[in-house]
Amino acid sequence: MRRFALLLFFGLALGQTLLPVEQLGLTFREEGGAWVYQGGGKRFVYVPGVGWAEPLGAELPPPQEGLFPLEALKALGHFRVPEAGGRFGEKPKGLRVVLDLPAPYPAEPREEREKAGATLYLPYLAPDLLKAPWPKGLKARVRLLPEATELALRAERGHLYYRLFPLEDPPRLVLDLYLLAPEVEEVLAPGVRYREVYGFTPEPLRLYLVEAERGRLLPVGTPGKRALPKDLAPGALAVLNGGYFDPKSGTPIGLWVQDGVTLSYPYGRVALLWDGFAFFLGFPQFVAEAVGPDGSRVRVGVNASRARYTAHTVPGLVGREGEGVALVREDRVVSLLPAPAELPPGHWALTFPRDAPPFPLEVGGRLALYGTLNPPFRYALEGGPLLLKEGRYAYDPAKENFKDPRPLQAVAPQAAVAWTKEGKLWLLISEPTTPGALARALLSLGAWNALRMDGGGSAQLWVKGVLRSPYQGSPRPVVSALALYLE
């Protein structure tokens, strides 16, 4: 090995690239004091101290026993394919190889998943592949053959996934290589298992999920109080963080119905709705009424679903110019203000045309808010955005009440609820990605419907009291969660 390294060094120093004959598809033997190289239907003879045998020219660089100069093979027309330069870029799970082509790539894109190894024949002379920084755990063998560059790849552990696709203007060929850790499957109970699998976006994305064919799913937690999901549901088989909340006060943001009781009101986003083990996704059809001091009722909009009279339940500025605001705590009006006004935690507000309240209002007077789902569901928890709808990509946050798109654009752990067409429920966390990429990954795995829950630092999946999430920071206390129990 040391002798080879020295010879290669001196060869490069002389402007030559001396390569082992195996990498050039040649064989080597000594015959009558001459060095004989054969391959590709050709025979090359070199006599040490004399030079190349006819008809090869004396100007060709000399070989070194089992090493052959690449420049000599080029000059002899040994290669019948054009040459392509190579560039490399390291990726989190592998390597990107870019070949700069002299003309558009003539073949179709290729993609292979879950392979222990693969052999690719690239129709170019690509000597730069010999210098590629192959990732640890990937064994690569490059051979420069007359009609192709042969690239043999083998994953020492786990799986190899690759994508080979062309680009234009200028023509390039891109090879993305990924080394994927082994997938995981663990039976938790009859009909329930924990899995770590890859979806494809087309880049691979590792998902950590509990798959259940049966069980009992409950929304757990208390508005205004935060705890780790495992502590919100002691004894649960699995617990996934739930919907959004105001970080300062712990006020839930979005619909939350627990055993038929409305704990939080809609915020204009898609919700998970269910009874038993039958699940639905949609914008909640919610009927809300304000009840005045004399017991009279009036229909009101809620949060983003504004109307002439609108109830607001999330802390922050509420109301518009020209409106009045009644701040309410424990069914009593505590203040009457012009809009916009600040809604503090622990209160709700009714907004109305400033000179036309729905009924006489005064500080200290009674004002209550009631709401019901129509049709009624025993359980509901709002999340969003919607990811998949009946087997189709449905991610479009502009259709939901997301005023600041930046959190959805960040690469961060994602949490979601999904299910297959056959009715298998998935409670899942992804490694850091975006919601749109998560939707594509779930689609590649056969998910039928999917809804994002709160993400980032809140995204966490607990299985039998153990955190099974890729997030490396300390788990964040949350207000709501989805707990799976055995029937």
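For the structure, see preceding data.
The sections below set out a description of the structure shown in this document. (Residues numbered from 1 in each chain as written. Predicted model: local features only at pLDDT ≥ 70, side-chain atom pairs only at ≥ 80, totals over all residues. Heavy atoms only, no water.)

## Overview of unusual backbone geometry
Thought 1: For the bond from threonine 201 to proline 202, the omega torsion is 15°, close enough to zero to count as cis.
Thought 2: With respect to the helices and strands, the residue proline 202 is situated in the loop between strand 16 (192-200) and strand 17 (204-212).
Thought 3: Omega for the bond connecting alanine 339 with proline 340 falls within 30 degrees of zero, at -5°, which places this linkage in the cis form.
Thought 4: In this structure, proline 340 sits in the loop between strand 31 (332-338) and strand 32 (341-343).
Thought 5: With a phi angle near 55°, asparagine 303 is a residue other than glycine that sits in the positive phi range.
Thought 6: Positionally, asparagine 303 belongs in the loop between strand 27 (297-302) and strand 28 (310-312). (Helix = DSSP H or I, 4+ residues; strand = E, 2+ residues; numbered from the N terminus.)

## Some details on the sheet that holds strand 4 (residues 42-47)
Thought 1: A sheet is described by the order of its strands in space; here four strands give the open sequence 2-3-4-5, paired in antiparallel fashion. Lying at the two open borders of the sheet, with one neighbouring strand each, are strand 2 (27-31) and strand 5 (51-52).
Thought 2: As paired elements, strand 3 (residues 34-39) and strand 4 share five bridges and run antiparallel to each other. Within strand 4, the position partnered with glycine 39 by the bridge is lysine 42. (Pairing = 2+ DSSP bridges.)

## Topic: helix 5 (residues 435-444)
Thought 1: Along helix 5, seven of the ten residues are buried, which leaves the element largely enclosed by surrounding structure.
Thought 2: Residues Pro435, Gly436, Ala437, Leu438, Ala439, Ala441 and Leu442 constitute the buried set of helix 5.
Thought 3: Among the residues trailing helix 5, glycine 446 stands out with phi positive, at a value near 95°. (Buried < 20%, exposed > 50% of the residue type's maximum accessible area, 1.4 Å probe, protein only.)

## What to know about the side chain of glutamate 323
Thought 1: Among the secondary structure elements, glutamate 323 is positioned in strand 30 (residues 323-329).
Thought 2: Polar contacts involving the side chain of glutamate 323 include one to the side chain of arginine 306, which spans 2.5 Å.
Thought 3: Polar side-chain contacts of glutamate 323 include one of 2.8 Å to the backbone nitrogen of arginine 320.
Thought 4: Apart from residues no more than four positions distant in its own chain, glutamate 323 is found in contact with Arg306, Leu337, Pro338, Ala339, Thr351, Phe352 and Arg354. (Polar contact = N/O pair within 3.5 Å; in protein donor to acceptor, adjacent residues only side chain to side chain. Contact = heavy atoms within 4.5 Å.)

## Focus: the packing of aromatic side chains
Thought 1: Counted under the stated rule, the structure contains 16 aromatic pairs.
Thought 2: Ring centres of tyrosine 37 and phenylalanine 68 lie 4.7 Å apart, and the angle between their planes is 75°; on these two criteria the pair is classed as edge-to-face. Of the two residues, tyrosine 37 is situated in strand 3 and phenylalanine 68 in strand 6 (residues 67-69); the sequence distance between them amounts to 31 residues.
Thought 3: The exposure class of tyrosine 37 is buried, given its relative accessible area of 0%.
Thought 4: With relative accessibility at 0%, the residue phenylalanine 68 sits in the buried group.
Thought 5: Centroid distance tyrosine 244 to phenylalanine 402: 6.0 Å. Interplanar angle 75°. Geometry classified as edge-to-face. (Phe/Tyr/Trp six-rings, centres within 6.5 Å; stacked < 30°, edge-to-face > 60°.)

## Quick look at the pattern of salt bridges
Thought 1: Using the criterion set out here, one finds 25 salt bridges in the structure.
Thought 2: Note that glutamate 203 is salt-bridged to lysine 91, the shortest N-O span being 3.2 Å. In this pair, glutamate 203 is assigned in the loop between strand 16 and strand 17 and lysine 91 in strand 7 (residues 85-91), connecting sequence segments 112 residues apart.
Thought 3: Accessibility expressed as a relative area gives 34% for glutamate 203, which makes it partly exposed.
Thought 4: Among the residues examined, lysine 91 registers a relative accessible area of 18% and is labelled buried.
Thought 5: A network of salt bridges, in which partner residues are shared, links Glu185, Arg193, Arg195 and Glu211. (Salt bridge = Lys/Arg side-chain N within 4 Å of Asp/Glu carboxyl O.)

## Quick word on the side chain of arginine 452
Thought 1: By the element assignment, arginine 452 lies in strand 40 (residues 447-452).
Thought 2: Buried and without a salt bridge, arginine 452 has aspartate 454 as its closest oppositely charged side chain, separated by 5.1 Å.
Thought 3: In this structure the side chain of arginine 452 is engaged in a polar contact, spanning 2.6 Å, whose partner is the side chain of tyrosine 244.
Thought 4: Of note is the side chain of arginine 452, whose polar atom sits 2.6 Å from the side chain of glutamine 414.
Thought 5: Setting aside its immediate chain neighbours within four residues, arginine 452 contacts Tyr244, Gly383, Gly384, Pro385, Leu387, Leu408, Gln414, Ala415, Ala416 and Pro435. (Lys, Arg positive; Asp, Glu negative; His and termini not counted.)

## What about the sheet that holds strand 43 (residues 480-485)?
Thought 1: Taken in spatial order, the five strands of this open sheet run 18-43-19-41-42, and their pairing is antiparallel. Edge positions in the sheet fall to strand 18 (216-221) and strand 42 (466-467), since each has one partner strand and no second.
Thought 2: Both strand 19 (residues 238-241) and strand 41 (residues 461-463) contribute to a ladder of three bridges, which runs antiparallel. In the strand pairing of strand 41, alanine 238 is matched with valine 463.

## Points about the nonpolar core
Thought 1: Of all hydrophobic cores here, the largest spans 47 residues; its most connected members are Val210, Leu217 and Leu272.
Thought 2: The dominant element in this core, judged by the number of residues it contributes, is strand 43, at five residues.
Thought 3: Excluding its chain neighbours within four sequence positions, the residues that come into contact with valine 210 are Leu188, Val192, Arg193, Tyr194, Ala238, Leu425, Trp426, Leu427, Leu461, Val463 and Leu484.
Thought 4: Among the nonpolar cores identified, the runner-up in size contains 44 residues, and Leu73, Leu138, Leu151 and Tyr162 belong to it. (Core = buried A, V, L, I, M, F, W, Y, C linked by side-chain atoms within 4.5 Å.)

## Thoughts on the environment of leucine 76
Thought 1: Residue position: leucine 76 is located in the loop between helix 2 (70-75) and strand 7.
Thought 2: Relative accessible area serves as the criterion here: at 24%, leucine 76 is assigned to the partly exposed category.
Thought 3: Excluding residues within four positions of it along the chain, leucine 76 makes contact with Lys42, Phe44, Leu56 and Leu60.

## A look at the pairing of strand 12 (residues 148-155)
Looking down a regular strand, the side chains alternate between one sheet face and the other.
Thought 1: Taken across its eight residues, strand 12 has seven buried, putting it largely inside the fold.
Thought 2: Note that strand 10 (residues 117-122) and strand 12 share six bridges and pair antiparallel. When the bridges of strand 12 are listed, glycine 117 appears paired with arginine 154.
Thought 3: One ladder, built from eight bridges, connects strand 11 (residues 138-145) with strand 12; its direction is antiparallel. Looking across to strand 12, one finds that arginine 143 is bridged to glutamate 150.
Thought 4: Two successive antiparallel strands, strand 11 and strand 12, enclose a turn made up of two residues.

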